[in-house]
Every structure is written in C-alpha cells, then in structure tokens.
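Chain by chain, the residues:
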Amino acid sequence: MADRSKLCVIAALGTTQTLSWASSYYLPAILARPMAEALGVSTTFVFGAFSAALLLTAFLGPAVGRVIDARGGRDVLVASNLVFAAGLALLGLAQGTETLVAAWMLLGLGMALGLYDSAFATLAGLYGKEARGPITGITLIAGFASTIGWPVTAAIDAGFGWREACFVWAALHLVLGLPVNRLLVPAAPPPATGAAADTGDAAPRRALVLLAFVFAVAGFTASAMGAHLPGLLHAAGASPAAAVAAAALVGFAQVGARVIEFSVLRRLHPLLTARIAVLTHPVGAAALLLFGGTAASVFTLLHGAGNGMLTIARGTLPLALFGAAGYGRRQGLVTAPARVVQAIAPLAFGLLVDAAGPWALLLTSALGILALGGLALIRVSGEASR
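With the rule as written, the count across this model stands at two cavities of 30 Å³ or more. In this structure, the largest cavity encloses a volume near 130 Å³. Ala218, Thr221, Val278, His281 and Leu310 are the residues nearest the centre of the largest cavity, which is lined by 16 residues in total. Looking at the lining of the largest cavity, its residues break down into eight nonpolar, eight polar and no charged. Lining the second largest cavity we find Gly61, Val64, Gly65, Ile68, Ala112, Asp117, Ser118, Ala121, Gly328, Gln331, Gly332 and Arg339. Elements with a minimum of two residues in the lining of the second largest cavity: α3 (43–71), α6 (116–127) and α16 (327–356). For the lining of the second largest cavity, the residue count by class is four nonpolar, six polar and two charged.

Structure (structure tokens):
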C-alpha cells in the first residue's frame, strides 16, 4: 500500500510538473514571435521579460524553500497553480508592454512556487532521504514537458491564436493542476521536525558553495544549448535538416539517462553519478570539434544524457549530503546562481557563438571540467558504496 501511495504521488507531481514547465518555461519558444507582433514589440523584449521572470525565481527560491520546510509543499504547489493561471490569463489579455511585463512577473512567481525545486522539497518532506527514487520518477515524467508542450502550444496558436493558447494553459492549471496537487499530494510535516533524525552525511559547509557552482555550470550550459543548439550544430558542419534532427535527440537522451540512473545507477551515491554527468558535455563537444557535423548526434546524445542526470542530481545530491532537515531553504540557496545564469546564458552564449562559431563550446567544456573539479573536492564517507 505504501508503494502504491508513493507511485500515486510520483504520478501526480510528474503530471503537474509537466503542466507547469510546458506552460511557463517552454512557452516563449513558441509564442514569443506572435506575441511580439501583436503587441508591437521585438521578440528580444519578450525574451527579456522572460529572463526577468527567471531572475525573480532566483531571488524568491530561498523564501519559498523556507515555507516548504515549515509547512510542507502541498499548499505551495496549489498556490503555484493559482498564480500560473493568473499570470497566463493576464498574458493572454496583455495589450502593451506594462501588462506583458506584469504577466511575466506573475509567471516568475509561479515558477518560483511550482517548478522542480518546490517539488523536490515537497518529496524531501514526505520521504526524507528515501526521496531519491521519487525525485527521479517525477523528472522522468516531466522530461517530456517540451515534447508535449511545444506541439500543443503551437497547435492552439495555429488554430486559434497565441492569446487562446495562454487561456487554455491557464484553464488547465485550474481544472487539472490544482485538484491533482491538492487531492493527490499528501500534507507533510516539515523536514526539520518530521525527519529530525535524518540529518544526512557529514559534509563540509564549503560543499554548499561547490554545489552552487556545479549547478550554475549545469544551468548555464543547459540554457545555452537550449537556445542555440541547432544553429551551433549547423555552424559545426551539419546541414540545417541534420542539425534539427540531431537537436531533437536531446529530449530522448535526457529521459534515457534518467531511466539508467533510476535503474542501473540508483545504488551509487549521487555524487558519483553527478561526476559522470558533468563529463558528458565536454566529451561530446570534443567529438563535435574534432569530427564536425558528422558527430552532431554524438554530441547531442552525450549532452542530453548529462543534462538529464544533472537535473536529478540537483534534487538528490543536496539531499544525500545534508539530509532532509532544512532542505527547502538550502535548495533555494544552492540553486539561485543557476537560475541567474540560466536567464543570461542565451544572450551571452549567443554573442560568443556569433564570434567563435562552434569553438564557443570550449567555454562550456572548460566550465564542465571545473565543475568536475568542484565535485572532486567534495568527500563523503563511503560514497562509492551508497
């Protein structure tokens, strides 16, 4: 019965996380252009408002985590559905720059309340250090957020318009996301009291800084590749069609790597899987720079696999190192730099690609090597056997 209840929670959070990601983070890729044309602004302005929303999530993350630590995560996730619905409705009603920016600020609040970090903290409150499996489970489901969200958003936009797409997503938060979070996610005691004995492995406090750096590297690389991957592969020598086809493999690689982490690698300490994950991007980049467009698929598969595993590590590694007590606040602090660099990476890396072409990958590869060094500095007793 307990396993069935846990599977129900995983399915519920996986579903609502898919909805939340599809209707926020992945929205501008489809709607930025028609939105800009209708409102008489540039697509750069729309993406700028989106970046501001991401920056807001970085500042709000620790406060949201403290609330989850104190009260559990269910009500926070329910609140996120209400805020998402309001933000999307306002976005659909936007008539100028003021309402556009206000809508994205509301969506930024929704993302701070309702994306992975809040779901991870909710699971930590429910299951303590046993949350690793459920964390992996919800990332397996929500890994298809772009696969589902982009076609749905594009279809609604093509058939009815971008405003209607916003209204449909807003309605889904009210009729699907809110009741699922409210009825299928249990209330939990705060980790500090409900799991006080679960203090985690002893680890130096500098591990917090090192983890923040590692997750920032992962966030920068993922955001940069998400914005520029097809063009980068084309610049490396792949044809436009081959570049798009290869880029499409990222999602499958992410989910495939998460399945491997959930099955084959689940007995390893998350620190070891994180070390493997940060190496995949530099290895793939070396193949692309050495062999050109013929290695496009190799690069995307390796990058996608590493990114998929690092998404899990973002939730499981702090849990394994420090335990469930105070997880939410700690998670907000350790992931705040990643949220900041995710907001600036598309512009910054785009300028580098314009100047250096595929050799811009030397930057992300060097950062990956530095992240590996940071992980190597973290020592946990018995890490190889966990």
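Along the chain, the position of Leu115 falls in the loop between α5 (97–114) and α6. Sequence separation of Leu115 and Leu19 is 96 residues, and the distance between their C-alpha atoms is 9.8 Å. Not counting the four nearest positions on each side in its chain, Leu115 is found in contact with Gln17, Ser20, Trp21, Ser24, Phe84 and Gly110.

Glancing now at the packing of aromatic side chains. Overall, the coordinates contain nine aromatic pairs when judged by the stated rule. Note on Trp21 and Tyr25: the rings are 5.2 Å apart at their centroids and 70° apart in plane angle, and the pair reads as edge-to-face. Measuring from ring centre to ring centre gives 6.5 Å for Phe220 and Phe349, while their planes differ by 85°; the resulting arrangement is edge-to-face. Pair noted here: Phe220 is in helix α11 (residues 206–235) and Phe349 is in helix α16, with a separation of 129 residues, a long-range link. One exposure class covers both Phe220 and Phe349, and it is buried. Cluster of aromatic residues (ring-pair linked, three or more members): Trp21, Tyr25, Tyr26, Phe50, Trp104, Tyr116, Phe120 and Trp150. Note that Lys6 overlies the ring of Tyr127, its terminal NZ or CZ placed 4.9 Å from the centroid.

In this structure, the second largest pocket spans a volume of roughly 460 Å³. What lines the second largest pocket is a set of 21 residues, among which Lys129, Glu130, Arg132, Gly133 and Arg266 lie closest to the centre. Taken together, the elements giving at least two residues each to the lining of the second largest pocket come down to α1 (2–22), α7 (132–142), α13 (249–263) and α15 (296–322). Here the lining of the second largest pocket is composed, by residue class, of eight nonpolar, four polar and nine charged.

So, on to the pattern of salt bridges. Scanning the model with the defined rule gives four salt bridges in all. With its nearest N and O atoms 3.9 Å apart, the salt bridge here joins Arg74 to Asp75. Relative accessible area serves as the criterion here: at 18%, Arg74 is assigned to the buried category. Note on Asp75: relative accessible area 52%, which makes it exposed. One connected set of salt bridges, linked through shared partners, spans Asp117, Arg314 and Arg339.

Take the nonpolar core next. Proteins that are soluble and globular tend to have nonpolar side chains buried together. Ranked by internal contacts, the top residues of the largest apolar core, which has 62 residues, are Met35, Val46, Leu91, Leu100, Trp104 and Leu123. When sequence neighbours within four positions are dropped, the list of residues in contact with Val46 reads Ala32, Met35, Ala36, Val41, Leu100 and Trp104. If you look at the next biggest cluster of nonpolar residues, it comprises 50 residues, including Ala247, Phe299, Met309 and Val341.

Here helix α12 (residues 240–247) has its buried residues at Ala243, Ala246 and Ala247. On an axial view of α12, the arc spanned by its buried residues comes to 100°, and they lie on one face. Exposed residues pointing more than 90 degrees away from the buried face of α12 are listed as Ala241 and Val244. The elements touched by buried residues of α12 are α11, α13 and α15.

Quick look at the environment of His281 now. Position of His281 relative to the elements: it lies in helix α14 (residues 270–291). For His281, a relative accessible area of 6% puts it in the buried group. Placed 213 residues apart in sequence, His281 and Ile68 show a C-alpha to C-alpha distance of 33 Å. If we skip the residues at most four places from it in the chain, His281 touches Thr221, Met225, Phe299, His303, Leu361, Thr364 and Ser365. A distance of 2.8 Å separates a polar atom in the side chain of His281 from a polar atom in the side chain of Thr364.

What follows deals with the confidence of the model for the protein chain. In the predicted model, the protein chain carries a mean pLDDT of 87, and the fraction of residues at 70 or more is 94%. When the criterion is pLDDT under 50, residues 190–203 qualifies, and its contacts beyond four places in sequence or with other chains add up to 35 contacts. The low-confidence segment residues 382–386 (pLDDT under 50) makes 13 contacts with residues lying over four places distant or belonging to another chain.

What counts, and at which threshold
Residues numbered from 1 in each chain as written. Predicted model: local features only at pLDDT ≥ 70, side-chain atom pairs only at ≥ 80, totals over all residues. Heavy atoms only, no water. 1 Å grid on protein atoms, 1.4 Å probe; cavity = no way out; pocket = protein on both sides within 12 Å on 5 of 7 lines; lining within 4 Å. Points joined across faces, edges and corners; volume = space filled by probe spheres on them. Nonpolar A, V, L, I, M, F, W, Y, C, P; charged D, E, K, R; others polar. Helix = DSSP H or I, 4+ residues; strand = E, 2+ residues; numbered from the N terminus. Contact = heavy atoms within 4.5 Å. Phe/Tyr/Trp six-rings, centres within 6.5 Å; stacked < 30°, edge-to-face > 60°. Buried < 20%, exposed > 50% of the residue type's maximum accessible area, 1.4 Å probe, protein only. Lys NZ or Arg CZ within 6 Å of the ring centre and 35° of its normal. Salt bridge = Lys/Arg side-chain N within 4 Å of Asp/Glu carboxyl O. Core = buried A, V, L, I, M, F, W, Y, C linked by side-chain atoms within 4.5 Å. Arc of directions from axis to C-beta. Polar contact = N/O pair within 3.5 Å; in protein donor to acceptor, adjacent residues only side chain to side chain. pLDDT = per-residue confidence, 0-100.

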